[in-house]
Amino acid sequence: MTVEVKVEETLVAEVGVVPQEEPMKPVIENEKVVEGDDKVKEVAESESKPRAVEKSSSYKEESNFLSDLKEFERKALSELKLKLEEAILGNNIFKKEEPKENEEKEKKVAEEEEKKEEKEDEKKEEKAEEVDEKKTEEGDEVPVVEEKEAAGQEGEEEKKPEEGCEVDKDISLWGVPLFPGKGFEGTDVVLLKFLRAREFKVNEAFEMLKKTLQWRKESKIDSILDEDICADLSSAAYLNGVDREGHPVCYNIFGVFDNEELYQKTFGNEEKRGQFLRWRLQLMEKSIQKLDLRPGGSSSLLQINDLKNSPGPVKKELRIATKQAVGLLQDNYPELVAKNIFINVPFWYYALNALLSPFLTQRTKSKFVVARPAKVTETLLKYIPAQEIPSQYGGFKRDNDTGFSSEDCAVSELILRAGSTGTIQIDAAEADNTLVWDLTVLGWEVNYKEEFVPTDEGSYTIIVQKRKKIGSNNEGPIRNTFRSNEPGKVVLTIENTSSKKKRVLYRYKAKKCSTL
């Protein structure tokens, strides 16, 4: 049984500038076939029972296995590998460096010295010829031809070191060797990213790759991880957890720039904006360290862009810096983002979408998802499991969590129809147990209470949380604990007072007090 997710109010965004790509087929998230009255009854009965939240095939990357590629894709990959190998062997990957001023001066001095030596050699040759003429008059043979041939050979030997130079076969990108002859399994994965970014046009993909390598060399990107840049921006963007497909998740929090002091410190002048760009590139390099650039591996990121309290397009400096960052990322990090999700989207965002929409391909649009504030948790759950979603977005992940670990029990789900009431029971079979639970309701608007019911009928029921109404503006899941002094069970009661079906996600565990 799959997780049901409503998608009618989750809009596909039409924003951003990314490489042109071919269209993708839409993925059906909420497909259910109902045939006849019997099927309807089965669905109605299943909605009131708890069930485990299973993975949903919300989206997948294109395969990087050669056997899964189309014929024209395999051909393009072979052609690109051939061009790349020829360029590496011919030392034609990087631009030839222009001579520096000092080198030019040294060259001029060397040329002058060569001219002096040539003049001295000419004088010596003239004297030698005079001697030879005297010898020929006396009948001696002079091997003039042999001397010239020997001189020619010496000249050739002198040219060899100048013509021949060492070939660098260790050129790599994102830690992956690019020389095809090495046979590294990640080489094809990296090259396919450039081909897909350029619709498998080999020459364009090759030029894009060369420009990326040249840019990395000039900008010293390979050493950027060792730099200490913009420590104040640690809350503006960070990696946190993985999605359902194993992709690392990167959160971009634009709301931090609503702080005027931080805004000016980050974007106040051109130099500061340059540092911001370098910080963003450093974060991208850190993210790549989390990827598995091999066939079958998770070779791209999931990006969450939180626009809550974002300064918006009225801030010129932020707009310019963001545009520059997008340009650098799209030109030098192709196909490294599998999905871009925008959450807490304000109204001005849609106006911006309308302006940018005509410039985007269908494939590009399919990678963008927009969710308004009321749909944040529901949208994220389609791509990220509840235990990996931070609590501020309605999930169960908390910093330094002592209640649950990543190895703990999976999240379960309860579907509540409109006007119905559901209960969740957490058994405490023995005394001196501590129970801990997480619970969240998508959209909330429910009545909720918690109580402990002892197994002994002569004992009293204990109210853990008295009945209260929780509105749609509730942020974060409920976390609570209870220590039982006798056997019994904790009962969580959720009353759906709305006219819409509700999804309840929860998890719990019980342990001896001494071991929790």
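Here, every reference points to the structure presented above.
Residues numbered from 1 in each chain as written. Predicted model: local features only at pLDDT ≥ 70, side-chain atom pairs only at ≥ 80, totals over all residues. Heavy atoms only, no water.

A. Region of the structure containing the overall build of the chain. Across its full length, the chain carries 12 helices and 17 strands. Pairs at least 24 residues apart make up 80% of the contacts formed inside the chain by residues separated by at least 6 positions. Carbon together with sulfur atoms contributes 48% to the accessible area of the chain, which is approximately 30100 Å² in total. (Helix = DSSP H or I, 4+ residues; strand = E, 2+ residues; numbered from the N terminus. Contact = heavy atoms within 4.5 Å. Areas by Shrake-Rupley, 256 points an atom, 1.4 Å probe, with all protein chains shown as cover.)

B. Quick look at the pattern of salt bridges. This model, assessed by the stated rule, comprises 22 salt bridges. Two residues, Lys81 and Asp188, come together in a salt bridge whose shortest N-O distance is 3.2 Å. Of this pair, Lys81 sits in helix H2 (residues 71-89) while Asp188 sits in helix H5 (residues 187-197), and the two are 107 residues apart along the sequence. Salt-bridge contacts for Arg216 lead to Asp222; the nearest nitrogen and oxygen are separated by 3.0 Å. One network of salt bridges, with partners in common, ties together Arg398, Asp401, Asp438, Arg479 and Arg507. (Salt bridge = Lys/Arg side-chain N within 4 Å of Asp/Glu carboxyl O.)

C. Quick peek at helix H6 (residues 202-219). Here H6 spans 26 Å end to end across 18 residues, near enough to the 26 Å set by a 1.5 Å rise per residue. Among all positions in H6, only Val202, Ala205, Phe206, Met208, Leu209, Thr212, Leu213, Gln214, Trp215 and Arg216 are buried. Against the buried residues of H6 lie H2, strand S3 (172-173), H5, helix H8 (270-289) and helix H9 (316-332). Count one or two residues on from H6 and you reach Lys220, which has phi positive near 55 degrees. (Expected span 1.5 Å × (residues − 1). Buried < 20%, exposed > 50% of the residue type's maximum accessible area, 1.4 Å probe, protein only.)

D. Representation of the packing of H8 against H9 in the model. Remark: H8 packs on H9, axes separated minimally by 10 Å, with the N-to-C direction vectors making an angle of 40 degrees. The angle between H8 and H9 falls in the class oblique. Relative to H9, H8 is oriented so that their crossing is right-handed. Contact with H8, carried on its side by Arg273, Phe276, Leu277, Arg280, Leu281 and Met284, involves Glu317, Ala321, Gln324, Ala325, Leu328 and Leu329 of H9 and no other residues of that element. (Axes fitted to C-alpha atoms, helices over the stretch in contact; angles between N-to-C directions. Parallel < 35°, antiparallel > 145°, perpendicular 65-115°, else oblique. Left-handed = near helix turned anticlockwise from the far one by under 90°.)

E. Examining the pairing of strand S10 (residues 412-416) more closely. Across the 5 residues that make up S10, a large majority, 4, are buried. In this sheet, strand S17 (residues 502-512) lies alongside S10 in antiparallel orientation, the contact comprising 5 bridges. Considered in S17, the bridge of Ser412 is made with Tyr506. (Pairing = 2+ DSSP bridges.)

F. Region of the structure containing unusual backbone geometry. Unlike most non-glycine residues, Glu199 shows phi in positive territory, near 50 degrees. Along the chain, Glu199 falls in the loop between H5 and H6. In this structure, Glu445 is a non-glycine residue whose phi angle is positive, near 60 degrees. According to the relative accessible area criterion, Glu445 is partly exposed, its value standing at 28%.

G. Quick look at the packing of aromatic side chains. Within this structure, the stated rule accounts for 14 aromatic pairs. Ring geometry for Tyr238 and Tyr251: centres 5.8 Å apart, planes at 20 degrees, overall stacked. Of this pair, Tyr238 sits in strand S5 (residues 237-242) while Tyr251 is found in strand S6 (residues 248-253), placing the two residues 13 residues apart along the sequence. Since its relative accessible area comes to 0%, Tyr251 is described here as buried. For the pair Phe257 and Phe276, a centre-to-centre distance of 6.3 Å together with 80 degrees between the ring planes defines the contact as edge-to-face. With a gap of 19 residues between them, Phe257 in the loop between S6 and helix H7 (260-267) and Phe276 in helix H8 connect regions that are remote in the sequence. The exposure class assigned to Phe276 is buried, which follows from its relative accessible area of 7%. Grouping aromatic residues by their ring pairs yields a cluster made of Phe257, Tyr263, Phe267, Phe276 and Trp279. Its end group placed over the ring of Phe404, Arg507 keeps NZ or CZ at 4.1 Å from the ring centre. Directly above the ring of Phe404 sits Lys509, whose terminal nitrogen or CZ lies 5.5 Å from the centroid. (Phe/Tyr/Trp six-rings, centres within 6.5 Å; stacked < 30°, edge-to-face > 60°. Lys NZ or Arg CZ within 6 Å of the ring centre and 35° of its normal.)

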